Amino acid sequence: MKITSAEFETSAAGIDDCPAWSLPEFAFIGRSNVGKSSLLNLLAGRKGLAKVSSTPGATQLVNFFRMNGSWALVDLPGYGYSKTPQSIRAGFQEAVSGYLLNRENLRCVFVLIDSRHSPQEIDLRFCGWLAEQSLPFVLAFTKTDKLKAGKVKSNVGAFVSDLAEICHGEPRAFLTSTKSGSGRGEVLDFIGQAM
Ligand code: GDP
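Residues numbered from 1 in each chain as written. Predicted model: local features only at pLDDT ≥ 70, side-chain atom pairs only at ≥ 80, totals over all residues.

(A) Up close: the overall build of the protein. When helices and strands are counted, the protein shows five helices and seven strands. Scanning the protein from its N terminus toward the C terminus, one meets helices and strands in the order β-β-α-β-β-α-β-α-β-α-β-α. Within the protein, the proportion of its 195 residues that are buried is 33%. Residue pairs at least 24 apart in sequence account for 76% of intrachain contacts in the protein once pairs closer than 6 positions are excluded. (Helix = DSSP H or I, 4+ residues; strand = E, 2+ residues; numbered from the N terminus. Buried ≥ 20, exposed ≤ 12 C-beta atoms within 10 Å, placed from the backbone. Contact = placed C-beta atoms within 7 Å.)

Here you go:
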């Protein structure tokens, strides 16, 4: 899919503030610093897009972007700020859980995973929760340019196999790099087919 337009629409603090449109929505979430803003900008082909709404204090908001006038990219607040393994709570602020559990427009969640690390408990638990809720999700591994291809492959394989133990089936996994631009075409084609 070619991106011809990408515009910030609005920020929502809860389900009631979400746009009253019927566009299919694709949501992006991950730990803080995973590379979410960079990936959103890469997908949109616009460097500053994901920064548009990033005013201080806006981190708990769900940000909506209208793409090609036909679908929406949704930037969800990150999870994993707390060091306590028990505390996946940060990912379940009202805005996030309200959106994920109630939004009819939602077609698929992209869970961003830093490809440099071995599987992290908080990411696995978040994916497990999505599976439990029967929410469709795929994985997008970020920063794949930062390590050797073989290492990326083994980290991705380890994550997918750990995940297979907690939920049925293996989710689709995309390998992305905002430095090389790799993965952009695959992610956009997937969205084009899923909308
Ligand atoms: P966010 O907090 O998840 O929105 O993460 P950012 O998009 O702000 O990225 C965090 C840091 O990782 C920044 O310094 C980015 O330049 C860097 N980064 C993000 N994606 C990539 C990537 O694919 N390759 C490399 N080399 N660096 C990346």
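(B) Quick look at the confidence of the model for the protein. Per-residue confidence for the protein gives a mean pLDDT of 88, with 89% of residues at or over 70. Note that residues 52-58 has pLDDT below 50 and, in this model, six contacts with residues that lie over four places away or in other chains. Low confidence marks residues 83-88, where pLDDT is under 50. Its contacts with residues over four positions away, or in another chain, come to six contacts. For this predicted complex, the interface confidence comes out at an ipTM of 0.99, alongside a pTM of 0.92. (pLDDT = per-residue confidence, 0-100.)

(C) Up close: the nonpolar core. Judged by nonpolar contacts, the single largest core of 45 residues is most densely connected at Leu73, Val74, Val111 and Leu112. Discounting residues that sit within four places of it in the chain, Leu73 has contacts with Phe26, Leu40, Leu43, Ala44, Phe65 and Met67. (Core = buried A, V, L, I, M, F, W, Y, C linked by C-beta atoms within 7 Å.)

(D) Seen up close, the site of the ligand. Taken together, 14 residues surround the ligand, and among them Gly35, Lys36, Ser37, Ser38 and Thr178 come closest. With three residues, the single largest contributor to the shell around the ligand is helix H1 (residues 36-44). Taken together, the residues of the shell around the ligand sort by class into one nonpolar, eight polar and five charged. (Near = placed C-beta within 6 Å. Nonpolar A, V, L, I, M, F, W, Y, C, P; charged D, E, K, R; others polar.)

(E) Examining helix H4 (residues 149-166) more closely. Look at H4: 26 Å from first C-alpha to last across 18 residues, which is about the 26 Å you get at 1.5 Å a residue. Every buried residue of H4 is listed here: Asn155, Phe159 and Leu163. The buried residues of H4 occupy an angular sector of 65 degrees when projected down its axis, which confines them to one face. When the buried face of H4 is taken as reference, the exposed residues oriented beyond 90 degrees from it are Ala149, Gly150, Gly157, Ser161, Ala164 and Glu165. Along its buried surface, H4 packs onto strand E5 (106-114) and helix H3 (121-132). (Expected span 1.5 Å × (residues − 1). Arc of directions from axis to C-beta.)

(F) Inspection of the sheet that holds strand E1 (residues 6-12) at higher detail. Pairing is mixed across the open sheet formed by seven strands, whose spatial order is E1-E3-E4-E2-E5-E6-E7. The open sheet is flanked by E1 and strand E7 (173-175), the only strands paired with a single partner. Across the sheet, the mean angle from the axis of one strand to that of its neighbour is 25 degrees, orientation sign disregarded. Relative to strand E4 (residues 71-75), strand E3 (residues 62-67) runs antiparallel, the two sharing five bridges. Paired with Phe64 across the bridge in E4 is Val74. (Pairing = 2+ DSSP bridges. Axes fitted to C-alpha atoms, helices over the stretch in contact; angles between N-to-C directions.)

(G) Seen up close, the packing of H3 against H4. Running from N to C, H3 and H4 point in directions that differ by 45 degrees, and their axes come no closer than 10 Å. Taken together, the axes of H3 and H4 lie oblique to each other. Relative to H4, H3 is oriented so that their crossing is right-handed. Across the interface between the two elements, Leu124, Cys127 and Gly128 of H3 pack against Asp162, Leu163 and Ile166 of H4. (Parallel < 35°, antiparallel > 145°, perpendicular 65-115°, else oblique. Left-handed = near helix turned anticlockwise from the far one by under 90°.)

(H) Fine view of unusual backbone geometry. The backbone of Asn68 sits at a positive phi, close to 50 degrees, despite the residue not being glycine. Within the secondary structure, Asn68 is located in the loop between E3 and E4. Unlike most non-glycine residues, Ser134 shows phi in positive territory, near 60 degrees. You can call Ser134 exposed: it has 6 C-beta atoms within 10 Å.

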